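A closer look at the structure
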Amino acid sequence: MEFNTTDTIKVGEELTFLVGFSNPARNAQGQIKILCDLEITTPDGSSGGSARQIECAPPDMPESSNRLVPTYLSVGIKSEPNEPAGDIVFEVAVTDAVAGRQLELKLVLMNEGS
């Protein structure tokens, strides 16, 4: 499997970005609780979608302290011919609810438009 990076998307292209975590804290029962928030802002400033406090990893995930684990959250995007050019902003927060820690990520993707 090959992963590439980009900061632009052209008309007709499809991209997917993945969100991961590592070394989650465990509660007394040995379970984890990873929650994800997502906010998408389109080039015209309107909302392209949002989700809050989604459980995005299995509570009984096997222990593995040094491995990057993908969450259930993956975001796919395809640039259509009629979409305006400009920045599409993806804001993601990954929360380890057991540890009380949160990681905030922001991805800005330039839509080249038609």
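The following paragraphs examine the structure supplied in this document.

Analysis parameters
- Residues numbered from 1 in each chain as written.
- Predicted model: local features only at pLDDT ≥ 70, side-chain atom pairs only at ≥ 80, totals over all residues.
- Heavy atoms only, no water.
- Helix = DSSP H or I, 4+ residues; strand = E, 2+ residues; numbered from the N terminus.
- Buried < 20%, exposed > 50% of the residue type's maximum accessible area, 1.4 Å probe, protein only.
- Contact = heavy atoms within 4.5 Å.
- Areas by Shrake-Rupley, 256 points an atom, 1.4 Å probe, with all protein chains shown as cover.
- Lys, Arg positive; Asp, Glu negative; His and termini not counted.
- Charge placed at Lys NZ, Arg CZ, Asp CG, Glu CD.
- Salt bridge = Lys/Arg side-chain N within 4 Å of Asp/Glu carboxyl O.
- Pairing = 2+ DSSP bridges.

1. Observations regarding the overall build of the protein chain
- From N to C terminus, the protein chain includes zero helices and seven strands.
- Element order for the protein chain, N to C, with α for helix and β for strand: β-β-β-β-β-β-β.
- Along the first, second and third principal axes, the C-alpha atoms of the protein chain reach 55 × 30 × 15 Å.
- When burial is assessed residue by residue, the protein chain has 30% of its 114 residues classed as buried.
- A fraction of 63% describes how many contacts in the protein chain between residues 6 or more apart in sequence connect residues 24 or more apart.
- Just so you have it, the protein chain exposes about 7300 Å², and 48% of that area is on carbon and sulfur atoms.
- Across the protein chain, the centroid of the 8 positively charged side chains sits 7 Å from that of the 17 negatively charged ones.

2. Re the pattern of salt bridges
- According to the stated counting rule, one finds three salt bridges in the structure shown.
- Between Arg101 and Asp96 there is a salt bridge, and its shortest N-O distance comes to 3.2 Å.
- Among the residues examined, Arg101 registers a relative accessible area of 47% and is labelled partly exposed.

3. Quick notes on the pairing of strand β4 (residues 47–55)
- Relative to β4, strand β3 (residues 34–41) is paired through six bridges, and the arrangement is antiparallel. Bridge pairing in β4 links Glu39 to Ser50.
- Count of turn residues in the β3/β4 antiparallel hairpin: five residues, of which Gly45 carries a positive phi of about 90°.

4. A word on the environment of Val98
- Along the chain, Val98 turns up in the loop between β6 (86–96) and β7 (101–111).
- Judged by relative accessible area, which is 33%, Val98 ranks as partly exposed.
- Along the primary structure Val98 and Pro70 are separated by 28 residues, whereas in three dimensions their C-alpha atoms are 18 Å apart.
- Discounting residues that sit within four places of it in the chain, Val98 has contacts with Ala25, Arg26, Asn27, Gln31, Ile32 and Lys33.

5. Quick word on the environment of Gln53
- The residue Gln53 is located in strand β4 in this model.
- Gln53 sits 27 residues away from Arg26 along the chain, and the two C-alpha atoms are 18 Å apart.
- Not counting the four nearest positions on each side in its chain, Gln53 is found in contact with Leu35, Cys36 and Asp37.

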